[in-house]
Every structure is written in structure tokens, then in C-alpha cells.
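# Inside the fold
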Amino acid sequence: GVQTEGPSNPLLRCNRIHHNGGAGFIAYQSGCGLLEENNIYGNKKYGVQSKTGGNPTVRQNRIKDKLYGIYLTEGGGGVYEENRIEQAGGTGIYIASDCSPILVSNEVV
């Protein structure tokens, strides 16, 4: 998958991110990035993960993964807007108690 950490701030638009061993996208250690209009599917654990201060913007993606669509732990945050999360085996969006993301108009089906 794609991993961003530290001051990195990549733009990922209109990609297919699939069949990775862990997550499709991980933002951690204050990593950011913009994920927009991607098809994220078939990853072993998570579609999108944010932890240890990760702060991505995740917008208008289609996420279809094994356990969790969006998984936020260890102070992970970010902005999650207008994503469609399908057939997550565990939870569509998991938010640990130490996380404060912004969620707007997401659909979990």
C-alpha cells in the first residue's frame, strides 16, 4: 500500500490501491496527504489507517476491505468526506477514544 509519515503530504487521486498485506493507505507520525476518488479494495486489514498523529484528508473514495474500511487509533485524525465504505468484515469506520477525526457525509453499506 501507500504509507506517509513525518512531514510528507502526497496527493493520490484516481488510483486503484488493492490487495496489500496490511492497509491500502497508512498515515502516521504526523503524516498527511490527500486521497481523493480512489478505489481502495481487497487489502488484508484496513482500507485507510491513521495513527500516532496521522492527519490525512480522505475524500470521495470507494473503500471495500477485509476488516475495517477506516481505522483510527493512537491519536490518529484527519478529515473523511463523502466516502463509500462497502462490505467491511469488521466495522466500516472504527474510531478509538483518543482520536478526533472530522467525518462528513460518509456512507457505510
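Residues numbered from 1 in each chain as written. Predicted model: local features only at pLDDT ≥ 70, side-chain atom pairs only at ≥ 80, totals over all residues. Heavy atoms only, no water.

### Considering the overall build of the protein
What counts here: By definition, any uninterrupted DSSP run of H or I lasting at least four residues is a helix, any uninterrupted run of E lasting at least two residues is a strand, and each is numbered from the N terminus. All radius of gyration figures rest on C-alpha atoms, and the globule criterion is 2.2 Å times the number of residues raised to 0.38. In this scheme, a residue with accessible area under 20% of its type's maximum is buried, one over 50% is exposed, and one in between is partly exposed, where area comes from a 1.4 Å probe on protein chains only. Only heavy atoms matter for contacts: two residues are in contact if any of them lie within 4.5 Å across the pair. Areas reported here follow the Shrake-Rupley algorithm with a probe of radius 1.4 Å; residue values treat only the protein chains shown as occluding. Here Asp and Glu are counted as negative and Lys and Arg as positive; His is not counted, and neither are the chain ends. To locate a charge, take atom NZ for lysine, CZ for arginine, CG for aspartate or CD for glutamate.
The number of helices and strands found in the protein is zero helices and 15 strands. Radius of gyration (C-alpha) of the protein: 12 Å, near the 13 Å computed for a compact globule of 109 residues. In terms of overall dimensions, the protein has a C-alpha envelope of 30 × 30 × 25 Å along the principal axes. Going through the 109 residues of the protein one by one, you find that 41% of them count as buried. Pairs at least 24 residues apart make up 32% of the contacts formed inside the protein by residues separated by at least 6 positions. Summed over all atoms, the accessible surface of the protein reaches about 5300 Å², with 45% contributed by carbon and sulfur. Taking the average location of the 10 positive side-chain charges in the protein and that of its 10 negative ones, the two points are 9 Å from each other.

### Here we look at unusual backbone geometry
The backbone phi angle of His 19 is positive, close to 55 degrees, even though this residue is not glycine. Judged by its relative accessible area of 56%, His 19 is exposed. With a phi close to 50 degrees, Glu 74 is a non-glycine residue in the positive phi region. Among the residues examined, Glu 74 registers a relative accessible area of 48% and is labelled partly exposed.

### What about the nonpolar core?
Condition: To form a nonpolar core, buried Ala, Val, Leu, Ile, Met, Phe, Trp, Tyr and Cys residues must be joined to one another through side-chain atoms within 4.5 Å.
Counting residues in hydrophobic clusters, the biggest one holds 15 residues, and the most contacted among them are Phe 25, Leu 35, Ile 40, Val 48, Ile 63, Ile 70 and Tyr 80. When contributions to this core are tallied by element, the ones reaching two or more residues are strand E4 (23-28) and strand E10 (68-72). Non-local contacts of Ile 63, meaning those with residues more than four positions away in its chain, are made with Ile 40, Gly 47, Val 48, Gly 69, Ile 70, Arg 84, Ile 85 and Glu 86.

### With respect to the pairing of strand E7 (residues 46-50)
Cut-off, in case you're wondering: Pairing between two strands is assigned when DSSP locates at least 2 bridges connecting them.
When you tally the buried positions in E7, you get five out of five residues, the bulk of the element. Two elements, E4 and E7, share four bridges in a ladder whose sense is parallel. Bridge assignment links Ala 23 to a residue of E7, and that residue is Tyr 46. Where E7 and E10 come together, four bridges link them in parallel fashion. Following the sheet pairing, Tyr 46 is matched in E10 by Tyr 68.

Remember, this is a structural readout, not a statement about activity or role.
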